[in-house]
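Each chain is listed here by its residues.
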Amino acid sequence: MVEAVLIDLLSLPANLQNNIQELLCNTLEAVEKCSSITAPFVYVMCCQRQGHERNGKQESLLAALRDFQSLKKRLEVVHAMTTAAALYTIKQSLDEKDLSIIKVILPTLRKDLMKVYIDILFTPVYKFEFEDLQVASDCKNLQTAEPRSEEQMLPTQDVALIQSEIQMYLESLPSLKGELTILRSSLIPDDIFLHGFTTRTGGISYIPTLSSCNLFSSSKRRDPQVVVKENLRRLANAAGFNPETFHRVKIDHANAVCIMGKTEPESYDGIVTNQKGVTIAAPGADCIPVLFADPVRKACGAAHSGWKGTLLGVSMATVNAMVSEYGCNVKDIRVVLGPSVGPCCYKLPQESAKEFHRIDPKCVRLFDSASPYIDIRRATWILLESGGILPENIQDDTVTDQNQNITFCTACHPDKFYSHFRDGSNFGTQIGFISIKD
C-alpha cells in the first residue's frame, strides 16, 4: 500500500497554475478514494523564487488543496527554490514518519530527471512508483529534453548538474549536534602521522540513530551515500586530509588485508600503506576500529575488528602485512583500539563465548549464562601481545592506567557514539583513520 504521495509542481510556470488546479484537485480526490482504510500522506512540491512573494494564483491553488478534509492533517505543501531542497525536506518528513512506499505524480518530461534525484538522495529502503501528471504540451519550462524510452539514459551533463545542485545544497546545511569532534592518541606521533577517531557530532545526518556525523551508507539504512560523502568532506576539512584519497575497508568480518597499491580484494577488514597523503580508515559501531603506526618505517594500517574478526586475528594479520610488505619490526608498531562496545554491555551466545574463554577466561563474564558478557578488546590486546607487539605500544584505555580518552564504550555513550547493539538496524557508524604526512 502506498504510504505517501508526492506531487511535483516545482517546474510549472505561474500561467499554468489555473489550468493545473482542477487536475490537481481531481488527483487528490482519486488519492482519497483509493485509500479507503488510511489516507496516505501527500506532499506537493511548489516553486519558490528567490525574492518573490507568492502570487494570488498560487495562494488560490494552495487554498484549494487545503479543502481536502481527509488529507488536511496529512497534506504538506513544500516550497523550495530547487528540486534538491524540496526533495530533501520531504525525505526528512518521510523519515520522521517512518514511511518508505511513495508514489510520485509528476509531468511526463520531469520523470527522468526526478529518477536521478531520487537515486542520489534515497536508498533502496524506499520504494517509488511513478504516475504521469499531464500538462499542456507547449509548456517550454518542462521540455528539458526529448521524450526517452525506458532504456535511454539522461544526458551526462544533466546528471552532472543534478549532482552539483545536490552537493551545493547539502554543503549549505548546518552541522547538527554540535561541532565535529576528533579523538586522538598520544601514542601515535603527530609529527609523522595524521590520525583520529570520529564521534557522532558535527555532520548533517538527521535521523536520530544516524545523527549526525554518520560515515557509512548501505542499502539497508536510510542515509544515502551523498550525505555520508558530505559528512566525510566536513571531517576531511577539520582533520586536514584529502577526501579524494580516502580508502575505507570493505567489511567481511574476517581477516583479509588490503595492501594499498596492489590488487584490491573484493572484501577485507584490514588495510595498510606506506604512501604519503593516502588516508586509510576502518569503521566501528561497537566493532573496534584499530589503528597501527610504525614511526620507524613510516607505515600505517587500519582494521575493523568485530567479534568474528577478533577471533580470526584480523589485528595481527594487519601487523603481519606491515612487517612483510614494508619491513616493519613488530616491536616498533604502535596500536590504538578505538571506541567500541565494552565488556559492560556486550553479550554473545554461549557457543561464541567459549572461543573467547579459550583466549583468556578474563575475556568472559558470567560464562555459565546463556549470553555471557564478552571483552573483545582484552582478546585483541592478548592476541597482539602474543604476536610480539609490546604492551606499552598498545592503547586500550579500559585495561591500562592511562586516562580514558579514546577507548570509550560506544553503547554507554549515546551522546558521543553510534552503537548497533544499542540502536538497532538503522545505526550510524564512526571511523578510525590514519595517514602519513607529506
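Residues numbered from 1 in each chain as written. Predicted model: local features only at pLDDT ≥ 70, side-chain atom pairs only at ≥ 80, totals over all residues. Heavy atoms only, no water.

Looking at an unreviewed UniProt entry, the chain carries the name Purine nucleoside phosphorylase LACC1, with the source organism given as Hemiprocne comata. Its UniProt record, at the heading Subunit (unreviewed entry), says of the chain: "Interacts with FASN. Interacts with SDHA. Interacts with ATF6, EIF2AK3 and ERN1." (UniProt positions renumbered as here; feature names shortened; annotations may be inferred.)

### Focus on the pattern of salt bridges
Applying the stated criterion to the full structure yields 17 salt bridges. Arg 222 is the partner of Asp 98 in a salt bridge, and the nearest nitrogen-oxygen pair spans 3.1 Å. One end of the pair, Asp 98, is in the loop between helix 3 (83-97) and strand 4 (101-106); the other, Arg 222, is in the loop between strand 7 (193-198) and helix 6 (225-239), and 124 residues separate them in sequence. For Arg 222, a relative accessible area of 6% corresponds to the buried category. For Lys 354, the salt bridge goes to Glu 351, with nearest N and O atoms at 3.1 Å. Of this pair, Lys 354 and Glu 351 both sit in helix 9 (residues 350-359), three residues apart, which is roughly one turn of that helix. On the basis of relative accessible area, Lys 354 is assigned to the partly exposed category, the value being 32%. Salt bridges here are not isolated pairs; linked through shared partners, they connect Lys 91, Asp 95, Asp 98 and Arg 222. (Salt bridge = Lys/Arg side-chain N within 4 Å of Asp/Glu carboxyl O. Helix = DSSP H or I, 4+ residues; strand = E, 2+ residues; numbered from the N terminus. Buried < 20%, exposed > 50% of the residue type's maximum accessible area, 1.4 Å probe, protein only.)

### Examining helix 4 (residues 111-121)
The buried fraction of helix 4 amounts to eight of the 11 residues, a majority that puts the element mostly inside the structure. Among the residues of helix 4, Lys 111, Leu 113, Met 114, Val 116, Tyr 117, Ile 118, Ile 120 and Leu 121 are the ones counted as buried.

### Structural notes on unusual backbone geometry
In this structure, Ser 212 follows Ser 211 across a cis peptide bond, with omega equal to 5°. Position of Ser 212 among the secondary structure elements: in the loop between strand 7 and helix 6. Located in the positive-phi region is Lys 177, a residue other than glycine, with phi close to 60°. Tracing the sequence through the fold places Lys 177 in the loop between helix 5 (156-172) and strand 6 (182-183). For Leu 366, which is not glycine, the phi dihedral falls at a positive 60°. Tracing the backbone shows Leu 366 in the loop between strand 15 (364-365) and strand 16 (373-374).

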